[in-house]
Every structure is written in C-alpha cells, then in structure tokens.
Amino acid sequence: MRSAPLIAVVDDDEAMREALCELVQTFSMSCRTFDSAEAFLGAHSLGRFDCLITDLRMPRMGGLELLRTLRSLG
C-alpha cells in the first residue's frame, strides 16, 4: 500500500509554514517544514518529497533559486 504523499513546505515565516502544513494535512498528506532553502537542501534526496511548496522571497536563497538548484541536481 502506498503511503501518503510527502509535501515539503519551505518558508522563513514560521506562522505561514505551520498554516500551510496544517492545510496539507487536512488532505491526508504528510508534511515536513523547513525554515530556509538551505535547510531543505540539507535534507533533500531525489524522490523523497512528492511536492514542494516554497516562498519566493527568503533571506540568502529564494524560492526561484531553490528551484533552479533542484533542477541542476536532476
């Protein structure tokens, strides 16, 4: 039996991260939150997450740069 999809939420705003995670969980999906793009990349492995929800504007690395980095990783 397939487990629930795992959704990653990356946002530097704690309240937004938690609200998005709670919303994801109402649809019977699992959620893991990260407070930065760097934290997500440190935990990322190909195929581990089914979906990524990210803030576009974050300190150091924003959401678009995160997506470009993921694309370069394959």
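Above this text sits the structure in question.
Here is what the cut-offs are and how they apply
Residues numbered from 1 in each chain as written. Predicted model: local features only at pLDDT ≥ 70, side-chain atom pairs only at ≥ 80, totals over all residues. Heavy atoms only, no water. Pairing = 2+ DSSP bridges. Helix = DSSP H or I, 4+ residues; strand = E, 2+ residues; numbered from the N terminus. Axes fitted to C-alpha atoms, helices over the stretch in contact; angles between N-to-C directions. Contact = heavy atoms within 4.5 Å. Buried < 20%, exposed > 50% of the residue type's maximum accessible area, 1.4 Å probe, protein only. Arc of directions from axis to C-beta.

## Quick notes on the sheet that holds strand E3 (residues 51–54)
Where strands meet in a sheet, backbone hydrogen bonds hold them as pairs that are either parallel or antiparallel. One open sheet holds the three strands; their spatial order is E2-E1-E3, and the pairing between them is parallel. Each edge of the sheet is formed by a strand with only one pairing partner; in this case those strands are strand E2 (30–34) and E3. Neighbouring strand axes in the sheet, compared pairwise and without regard to direction, differ in orientation by 20° on average. Helix H1 (residues 14–26) rests against strand E1 (6–10), E2 and E3 of the sheet, and its axis sits at about 170° to E2. Of the strands in this sheet, E1 and E3 touch helix H3 (residues 63–73), which is tilted by about 150° from E3.

## Looking at the environment of arginine 68
Mapped onto the elements of the fold, arginine 68 is located in helix H3. Arginine 68 gets classed as exposed once you look at its relative accessible area, which sits at 57%. Put simply, arginine 68 and leucine 20 are 48 residues apart on the chain and 22 Å apart in space, counted from C-alpha to C-alpha.

## Section: H3
The complete set of buried residues in H3 reads Gly63, Leu66 and Leu70. Down the axis of H3, the smallest arc covering the buried residues is 55°, so these residues share one side. Away from its buried face by more than 90 degrees, H3 exposes Arg68, Arg71 and Ser72. Of the surrounding secondary structure, the elements contacted by the buried residues of H3 are E1, helix H2 (37–43) and E3. Positive phi appears at glycine 74, one or two residues downstream of H3, with a value of about 100°.

Purely spatial values, then, with no claim about function.
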